[in-house]
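Residues per chain are reported as follows:
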Amino acid sequence: MWGDGQSTTTFWSGSRIDQICTNRVFSVPDLPAHHRYKSRPETSSHHPRERRRIQHTLPKMTTYEVPVDFRNIKDKTILITGCSTGIGRATAKLAYEHGAKLALADWNEVEAKNLLAELRNTDRLLFYKTDVSKWDNILQVFQGAWKKFGKIDAVISNAGINQENLLDEEIDEATGMLKAPSLKNLEVNLVAHIYVVKCAVHYFAKAPGKRSQIIMTGSAASYIDTSPLYQYCAAKAGLLGLMRAFRTRLISKNITINMIAPWMTISPMLPQAIVDMWGTLPANSPAGVAHALLLPVVDESINGKVFFVAGNKITELEDKIHECQHIWMGAQLSEDVDEGQRRLVPAGIHPEQK
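In this text, all values refer to a predicted model and were calculated from it rather than measured experimentally.

## Some details on the packing of aromatic side chains
A complete count under the given rule lists four aromatic pairs for this structure. Pairing W263 with W278 gives two aromatic rings, centres 4.9 Å apart and planes at 75 degrees, and the pair type is edge-to-face. With a gap of 15 residues between them, W263 in the loop between β9 (255-262) and α8 (272-278) and W278 in helix α8 connect regions that are remote in the sequence. Aromatic rings pair up to connect W263, W278 and F308 into one cluster. Positioned over the ring face of Y96 is R124, at 4.0 Å from the centre of the ring. The ring of W107 has K129 lying over it, and the distance from NZ or CZ to the ring centre is 4.6 Å.

## Focus on unusual backbone geometry
In this structure, P228 follows S227 across a cis peptide bond, with omega equal to 10 degrees. On the secondary structure map, P228 appears in the loop between β8 (212-217) and α7 (230-247). Although it is not a glycine, N254 adopts a positive phi angle of roughly 65 degrees. Among the structural elements, N254 can be located in the loop between α7 and β9. Positioned with a positive phi, N312 is a non-glycine residue whose angle comes to about 60 degrees. On the basis of relative accessible area, N312 is assigned to the buried category, the value being 7%.

## Description of helix α4 (residues 109-118)
Among the residues making up α4, those that are buried are A112, L115 and L116. For α4, the angular spread of the buried residues around the axis is 100 degrees, confining them to a single face. Projecting away from the buried face of α4 at angles above 90 degrees are the exposed residues V110 and A117. Those residues of α4 that are buried lie in contact with α3 (86-97), β5 (101-106) and β6 (125-129). With a side-chain oxygen positioned 3.4 Å from the backbone nitrogen of V110, the residue opening α4 is N108. R120 lies just past α4 and shows a positive phi near 75 degrees.

## Digging into the environment of K236
With respect to the secondary-structure elements, K236 resides in helix α7. For K236, a relative accessible area of 0% gives the class buried. Separated by 14 residues in the primary sequence, K236 and S222 have C-alpha atoms spaced 4.6 Å apart. In terms of polar contacts, K236 uses its side chain to reach the backbone carbonyl oxygen of T217, at 3.0 Å.

## Remarks on the pattern of salt bridges
A side chain with one charge can pair with a side chain of the opposite charge if their charged atoms come near. As enumerated under the stated definition, the model contains 15 salt bridges in all. Notably, a salt bridge pairs K76 with E300, separated by 2.7 Å at the nearest N-O pair. Placement of K76 in the loop between β3 (65-68) and β4 (77-81) and of E300 in the loop between α9 (286-298) and β10 (306-310) is noted, with a sequence separation of 224 residues between them. Judged by its relative accessible area of 13%, K76 is buried. Judged by relative accessible area, which is 29%, E300 ranks as partly exposed. For E323, the salt bridge identified is with K320, shortest N-O distance 2.8 Å.

## Some points on the side chain of T81
Tracing the backbone through its elements, the reader meets T81 in strand β4. For T81, a relative accessible area of 2% puts it in the buried group. Engagement of the side chain of T81 in a polar contact is seen with the backbone nitrogen of A159, the distance being 3.2 Å. In this structure, T81 is in contact with A105, V132, I156, S157, N158, A159 and V196, ignoring residues within four places of it in sequence.

Calculation rules
Note that residues are indexed from 1 along each chain, following the sequence as it is written. Given that the model is predicted, a residue must reach a pLDDT of at least 70 before its local features are reported, and side-chain atom pairs must reach 80 or more before they are shown or counted; all residues, however, enter totals for whole chains, interfaces and linings. Computation of side-chain values covers all heavy atoms of the structure but excludes hydrogens and water. A pair of aromatic rings is counted whenever rings of Phe, Tyr or Trp (Trp by its six-membered ring) have centres within 6.5 Å, and the orientation is called stacked for planes under 30 degrees apart, edge-to-face for over 60 and tilted otherwise. Strands here mean DSSP runs of E at least two residues long; helices mean DSSP runs of H or I at least four residues long; both are numbered from the N terminus. Distance and angle both matter: a charge sits over a ring if NZ of Lys or CZ of Arg is within 6 Å of the ring centre and within 35 degrees of the ring normal. Burial here depends on accessible area, computed with a 1.4 Å probe over protein chains only, as a share of the maximum for the residue type. Under 20% is buried, over 50% is exposed, and the range in between is partly exposed. Directions are taken from the helix axis to each C-beta atom, and the arc is the one they span. Working rule for contacts: check all heavy atoms of both residues, and any pair within 4.5 Å makes them a contact. By the criterion applied in these results, polar contacts are pairs of N or O atoms within 3.5 Å in which, for protein atoms, one can donate a hydrogen and the other can accept it, and in which residues neighboring in sequence qualify only through two side-chain atoms. Every case where a carboxyl oxygen of Asp or Glu lies within 4 Å of a side-chain nitrogen of Lys or Arg is listed as a salt bridge.

Written as structure tokens, this is what we have:
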């Protein structure tokens with residue numbers, strides 16, 4: 001189960017980046033009421049000479065604590081898409097447990113109603129059956145949340161699917177010609193997130209003077225290859241690009257945007273054969289990933305980060321990828337790229353503009 005909590009039989013190899021960069025790692029326990037995640041330096045290279053080279057090349061990671069006392073989200077209105085099962089369900093339960101008001105959206109109405117009954121369906125809950133790939137459905141959820149609660153503080157764009165058959169050949173019986181592939185995977189895993197961000201920015205502006213949060217559920221597939229989930233991989237990589245593009249712009253509107261990238265996540269939907277094949281490799285619980293999704297809501301200073309979640313441990317990738325940039329790009333090109341970004345990004349200038 002990658003990212004959004006859907007099952008698959010696909011596996012992939014690790015990234016070279018983890019072999020040359022140390023990363024922030026936060027431990028996620030099995031849901032105590034209150035917990036603090038502590039970062040620690042970690043080097044994944046096993047070669048002594050390479051380890052010494054890394055230690056001389058990269059700055060030592062500063063240890064710090066991220067507050068995760070979830071009582072801070074009490075009375076906040078959080079909109080969650082993809083809430084009925086898996087990661088989204090665990091996130092809704094955790095947020096509700098600590099006093100949040102929830103606007104929930106999912107296509108699976110049966111499981112959503114079970115969730116509402118479990119949460120006792122109080123005045124702190126709102127649910128819409130939603131096809132996230134359709135703009136009108138997304139807009140309805142935001143408008144309903146605004147009318148019921150009077151504000152939206154945070155949005156967790158979590159809905160996703162991973163079923164696809166891109167390379168299967170379907171022939172039109174009438175014409176004998178190859179049929180176009182379904183793009184539903186891209187519509188749910190990428191386009192829907194664009195719709196959610198667009199609506200979030202609009203509705204956040206209706207209650208100015210406070211910091212708001214957008215958190216998107218990406219996947220390990222945002223960084224590493226996931227064949228044969230071709231469209232899924234493209235969509236999740238696109239989601240990473242979307243977050244990166246927004247993180248320098250939305251902050252001026254007092255909005256933070258972050259992404260989580262869960263690796264294997266175990267749930268009852270996952271076939272036992274995959275669980276057996278995975279063996280002792282790090283695996284998440286939906287509740288563990290839920291902690292990562294809510295971290296930027298608890299700590300409003302977090303912006304532009306990606307939390308890679310493996311074995312219920314959260315590793316922040318973006319800072320170290322940039323710090324390692326001179327290694328994989330070369331020192332001079334790295335400096336030039338940083339300078340180009342310094343000139344273009346604050347001004348909002350597109351490269352094609354004169």
